[in-house]
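Understanding the architecture of this molecule
Spelled out from the first residue to the last, the chains are:
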Amino acid sequence: MLCRAACSAGRRLAPAAASAAGCRHKHSLPDLPYDYGALEPHINAQIMQLHHSKHHAAYVNNLNATEEKYREALAKGSFGVKVHRKNTNFVIALQPALKFNGGGHINHTIFWTNLSPNGGGEPKGELLEAIKRDFGSFEKFKEKLTAVSAGVQGSGWGWLGFNKEQGRLQIAACANQDPLQGTTGLIPLLGIDVWEHAYYLQYKNVRPDYLKAIWNVINWENVTERYTACKK
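For the structure given in this document, a descriptive report is provided here. (Residues numbered from 1 in each chain as written. Predicted model: local features only at pLDDT ≥ 70, side-chain atom pairs only at ≥ 80, totals over all residues. Heavy atoms only, no water.)

Let's talk about the sheet that holds strand β1 (residues 156–163)
Taking strand neighbours across the sheet as the criterion, the three strands line up as β2-β1-β3 in an open arrangement whose pairing is antiparallel. Single-partner strands in this sheet number two, and they are β2 (168–175) and β3 (187–193). Strand after strand, the sheet turns through a mean of 25° between neighbouring axes, direction not considered. Sheet analysis places β1 next to β2, joined by eight bridges and oriented antiparallel. Across the sheet, residue Gly 156 finds its bridge partner in β2, namely Ala 175. Against the sheet, helix α6 (residues 138–150) engages β1, β2 and β3, with an angle of about 15° to β2. (Pairing = 2+ DSSP bridges. Helix = DSSP H or I, 4+ residues; strand = E, 2+ residues; numbered from the N terminus. Axes fitted to C-alpha atoms, helices over the stretch in contact; angles between N-to-C directions. Contact = heavy atoms within 4.5 Å.)

Considerations on helix α5 (residues 125–135)
Because the α-helix completes a turn every 3.6 residues, residues three or four places apart line up on one side. Every buried residue of α5 is listed here: Leu 127, Leu 128, Ala 130, Ile 131, Asp 134 and Phe 135. Looking straight down α5, one finds its buried side chains confined to an arc of 160°; they lie on one side. Looking at the buried residues of α5, the elements they touch are α6, β1, β2 and α10 (220–230). Backbone geometry just after α5 places Gly 136 at a positive phi near 100°. (Buried < 20%, exposed > 50% of the residue type's maximum accessible area, 1.4 Å probe, protein only. Arc of directions from axis to C-beta.)

Right, dumping it as structure tokens:
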């Protein structure tokens, strides 16, 4: 289950059957660390309000409802014992909703902190050196993450993640609301939401214009904090 997703947003999704029974935590919509209009002119207030108070809220509400159904199903039996086939099938049928809504909650919780009205520019220090080491330069990194994000078919996310085993930064794309760490093993540092609800009201269907603008509000302090934490 996705216990405390907002506080452990970077963690891999645990197998639902292993932790659902003990989790009674209700997920809640996190407050934004800035006003809805704070990211203008790059992302307007209407988009931010709808994105946060409607779309993210829907993932939270649906996640809570799905987890409740999951707990009810598990209460009727336990894995490793004889479980009624119909009940087992119902538990399995809930997995996609857990992944989608849980991923949506995790991804957006990271996304809001990755943005700042005082953002933009380039990172400094250790993160900048790591970017230069793994991508050649900051500009090459920026071009690659932009291209990967622009190339997402349909809805999804572009990510900068940390490969803990290799000790290096990597860029990846995830479809829909698939969480980066649960999908690829990479620890999420910076996520770019390329679902149309993140930009359509301002940029229509021109995703490249949105991707050009979002670099002006990237919170490199937050990304650096994530990078420093995952290296410990």
